[in-house]
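Single-letter residue listing:
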Amino acid sequence: MKIETDVVIVGTGVAGLFCALSLPRDKKIYIITKSDLESSDSFLAQGGISVLRDENDYDSYFEDTMRAGHYENRKESVDIMIRSSRKIIDDLVHYGVEFEQEQGSFLYTREGAHSKPRILFHEDITGKEITGKLLSQVKKRENVTLCEYTAMTDLLVKDGICTGILAERLPCEEEGSGEKASGNPDRNQVSASEEKGRTLEIFAPYTILATGGIGGLYEHSTNFPHLTGDALEISKKHGIRLEHLDYVQFHPTTLYSKKPGRRFLISESVRGEGAVLYNKNMERFVDELLPRDVVAAAIREQMEKDETDFVWLSMKPIDNEMIFRHFPNIYQRCLEEGYDVTKECIPVVPAQHYFMGGIWVDPDSQTSMPRLFSAGETSCNGVHGANRLASNSLLESLVFAKRAAMKITDEMEKGRYDE
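What comes next concerns the included structure. Source: prediction; values computed, not measured.

Quick notes on the overall build of the protein chain
On a plain count of helices and strands, the protein chain comes out with 11 helices and 21 strands. Whereas a compact globule of 419 residues would reach a radius of gyration of roughly 22 Å, the protein chain reaches 21 Å, a difference of no more than 12%. Each of the three principal axes of the protein chain carries a C-alpha extent, and together these read 65 × 50 × 45 Å. Looking at the protein chain as a whole, 60% of its 419 residues are labelled buried. Partitioning the intrachain contacts of the protein chain with sequence separation of at least 6 by distance along the chain shows that 72% fall at a separation of at least 24. Carbon and sulfur atoms provide 45% of the accessible area of the protein chain, an area that totals close to 17200 Å². Separation of charge centres in the protein chain, based on 50 positive and 68 negative side chains, amounts to 2 Å.

Okay, structure coming up:
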């Protein structure tokens with residue numbers, strides 16, 4: 001099956017969706033995703049999204065990001081992200097995203113390695129709020145086609161230039177019904193239920209890879225298991241430049257369970273609001289607001305000393321009203337696992353969480369192959385350095401997804417579109 005479109009996007013997280021919304025409405029856009037539309041890690045983000053509060057905050061925000069990244073960050077990319085942050089928030093509000101407010105003003109929370117509160121949030125499901133609203137907007141666009149359960153298998157390349165992708169329809173979770181794949185599809189949503197195994201050739205002058213992280217390669221991760229770094233392997237095959245493939249972040253606090261599989265994240269903002277870590281003797285052993293890699297390493301070291309499989313996290317320093325208002329999802333999930341965080345500690349353990357390396361891109365999210373762009377966790381623009389600062393992931397993805405869309409739009413308008 002051959003499909004011709006103006007832009008093909010691989011991935012339906014915030015990067016892929018925001019790219020689509022930032023491209024011209026008169027261009028045909030085809031988006032595929034390996035699972036259902038909502039099974040992207042963007043939906044799982046809890047803590048929030050960082051933003052430059054005002055010009056007086058610039059130096060400290062820049063330094064916080066650089067320090068967390070062990071000064072291996074690309075300074076130009078960090079500057080772009082920070083200076084673009086307020087406009088990104090304006091865009092999100094325009095698309096219906098609701099952040100917590102008090103008397104008409106945004107509320108800000110603080111997370112580990114931030115020198116001050118600068119994180120906007122929606123309860124403890126900020127990623128779901130942002131990604132869900134963006135997905136709703138994309139579904140309204142008549143120029144966008146969404147295709148679930150479809151995996152990219154290769155790039156289409158001619159004379160060293162990307163001309164699209166090869167893809168394959170995957171079986172749906174509920175075989176043959178079409179409901180899981182299409183969810184009572186809109187006019188621009190394609191069901192894969194009756195086409196499993198079918199190969200697609202999707203030709204497009206521009207391709208955007210937004211396939212997410214690599215957590216599916218790990219036994220314990222906060223990521224969805226189908227995120228296995230497919231775009232990295234395909235890029236490697238074509239000699240596309242990759243960068244820092246060993247830069248993998250482990251989140252310090254995920255809810256401990258004896259069951260294998262995806263770990264439930266206990267947001268960084270829980271510690272930002274006052275939660276503390278204890279060893280088996282109920283003694284604090286680390287500054288909870290240090291960068292993630294430092295806290296994760298301290299927890300692993302403490303577990304070895306104590307000969308335990310977890311450490312304890314106490315949310316008792318946080319007012320109950322704050323827990324119910326700011327962390328209702330975390331409260332409920334822990335309750336389902338048998339822990340009342342208002343009365344007792346919960347067991348936590350580090351787990352693979354985020355990939356700072358990926359497909360090398362320039363400040364406009366262009367890869368080393370012409371007409372091929374990459375955004376979100378699968379790309380590496382250097383913002384995060386060797387360790388990502390908390391709540392910079394959603395912001396970075398949105399900023400550089402929009403820059404990819406603007407660069408593509410500019411090239412189209414300059415007549416390079418049909419070269």
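Quick notes on the pairing of strand β18 (residues 346-355)
Of all 10 residues that make up β18, 10 are buried, and the element is covered over most of its length. In this structure, strand β15 (residues 248-255) lies alongside β18, joined through 6 bridges in antiparallel fashion. The residue of β18 that forms the bridge with Thr254 is Val349. Here strand β17 (residues 311-314) runs beside β18; their pairing, made up of 3 bridges, is antiparallel. Paired with Trp312 across the two strands is Pro347, which belongs to β18.

Examining the sheet that holds β15
Pairing is antiparallel in the open sheet, where 4 strands are placed in the order β15-β18-β17-β16. The sheet is open, and its two borders are formed by β15 and β16 (276-278), each paired with just one other strand. When the angles between neighbouring strand axes are averaged without regard to direction, this sheet yields 45 degrees.

Concerning the packing of aromatic side chains
Enumeration over the complete set of coordinates arrives at 8 aromatic pairs. Chaining the aromatic ring pairs together yields one cluster made of Tyr256, Phe310 and Trp312. Sitting above the plane of the Tyr58 ring, Arg83 keeps its charged end 4.1 Å from the centroid. Lying across the ring of Tyr206, Arg371 places its NZ or CZ 5.0 Å from the centre.

Some thoughts on the packing of helix α3 (residues 75-94) against helix α11 (residues 393-413)
Remark: α3 packs on α11, axes separated minimally by 8 Å, with the N-to-C direction vectors making an angle of 90 degrees. With respect to their mutual orientation, α3 and α11 come out roughly perpendicular. Contacts from Ser77, Ile80, Met81, Ser84, Ser85, Lys87, Ile88, Asp91 and Leu92 of α3 reach α11 at Leu395, Glu396, Leu398, Val399, Phe400, Lys402 and Arg403. Considering only residue class, the contact of α3 with α11 consists of 8 nonpolar, 3 polar and 5 charged.

Here we look at the pairing of strand β9 (residues 150-158)
Alignment of β9 against strand β10 (residues 161-169), held across 8 bridges, turns out to be antiparallel. Within the sheet, the bridge partner assigned to Leu156 lies in β10 and is Gly164. Where β9 folds back on β10, the antiparallel hairpin that results is connected by 2 residues, among which Asp159 adopts a positive phi of roughly 55 degrees.

Quick word on helix α6 (residues 230-237)
At 3.6 residues per turn, the α-helix brings residues three or four places apart onto the same side. Inspection of α6 places Ala231, Leu232, Ile234 and Ser235 among the buried residues, and these make up the whole buried set. When α6 is viewed along its axis, its buried side chains cluster within an angular range of 170 degrees and face the same direction. Exposed and oriented more than 90 degrees from the buried face of α6 are Glu233, Lys236 and Lys237. For α6, the secondary structure elements touched by its buried residues are β9, β13 (206-209), β14 (242-243), β18 and β19 (358-360). One or two steps after α6, the chain reaches Gly239, where phi turns positive at roughly 70 degrees.

Brief notes about the sheet that holds β19
The mixed open sheet is built from 3 strands, whose spatial order is β14-β19-β21. Across the chains shown, the open sheet's two edge strands, defined by having one partner strand only, are β14 and β21 (379-380). Across 2 bridges, β19 lies against β21 in parallel orientation. Within the sheet, the bridge partner assigned to Trp360 lies in β21 and is Cys380. Contacts from α6 reach β14 and β19 within the one sheet, and its direction differs from that of β19 by about 45 degrees.

A few points about unusual backbone geometry
Positioned with a positive phi, Glu123 is a non-glycine residue whose angle comes to about 50 degrees. When its relative accessible area of 29% is taken as the criterion, Glu123 is described as partly exposed.

Some thoughts on the packing of helix α1 (residues 14-22) against α11
At a minimum axis separation of 8 Å, α1 and α11 run at an interaxial angle of 35 degrees. The crossing of α1 and α11 is right-handed. Two secondary-structure elements touch here, α1 through Val14, Ala15, Phe18, Cys19 and Ser22 and α11 through Leu394, Ser397, Leu398, Ala401, Lys402, Ala404, Ala405, Met406 and Thr409.

Describing α1
For α1, a buried count of 9 out of 9 residues is recorded, marking the element as mostly surrounded by other parts of the structure. Every buried residue belonging to α1 is among Val14, Ala15, Gly16, Leu17, Phe18, Cys19, Ala20, Leu21 and Ser22, and all of these are buried. Tucked into the core, α1 has its buried residues touching β2 (7-10), β3 (29-32), α3, α4 (126-139), β13 and α11.

Details of the pattern of salt bridges
Under the defined criterion, the tally for this structure stands at 21 salt bridges. A salt bridge links Asp57 to Arg118; its shortest N-O distance comes to 2.7 Å. Residue Asp57 is found in the loop between β4 (49-50) and α2 (58-68), and its partner Arg118 is found in the loop between β6 (105-106) and β7 (119-120); the two are separated by 61 residues along the sequence. The residues Asp57 and Arg118 share a single accessibility class, namely buried. Two residues, Glu268 and Arg271, come together in a salt bridge whose shortest N-O distance is 3.3 Å. With Glu268 and Arg271 both in helix α7 (residues 268-272) and 3 residues apart, the pair spans about one turn of that helix. For the residue pair Glu268 and Arg271, the accessibility class agrees, reading buried in each case. Linked through salt bridges whose partners overlap, the residues forming this network are Asp57, Glu63, Asp64, Arg67, Lys116 and Arg118.

Definitions and cut-offs
Residues numbered from 1 in each chain as written. Predicted model: local features only at pLDDT ≥ 70, side-chain atom pairs only at ≥ 80, totals over all residues. Heavy atoms only, no water. Helix = DSSP H or I, 4+ residues; strand = E, 2+ residues; numbered from the N terminus. Rg over C-alpha atoms; globule rule 2.2 N^0.38 Å. Buried < 20%, exposed > 50% of the residue type's maximum accessible area, 1.4 Å probe, protein only. Contact = heavy atoms within 4.5 Å. Areas by Shrake-Rupley, 256 points an atom, 1.4 Å probe, with all protein chains shown as cover. Lys, Arg positive; Asp, Glu negative; His and termini not counted. Charge placed at Lys NZ, Arg CZ, Asp CG, Glu CD. Pairing = 2+ DSSP bridges. Axes fitted to C-alpha atoms, helices over the stretch in contact; angles between N-to-C directions. Phe/Tyr/Trp six-rings, centres within 6.5 Å; stacked < 30°, edge-to-face > 60°. Lys NZ or Arg CZ within 6 Å of the ring centre and 35° of its normal. Parallel < 35°, antiparallel > 145°, perpendicular 65-115°, else oblique. Nonpolar A, V, L, I, M, F, W, Y, C, P; charged D, E, K, R; others polar. Arc of directions from axis to C-beta. Left-handed = near helix turned anticlockwise from the far one by under 90°. Salt bridge = Lys/Arg side-chain N within 4 Å of Asp/Glu carboxyl O.

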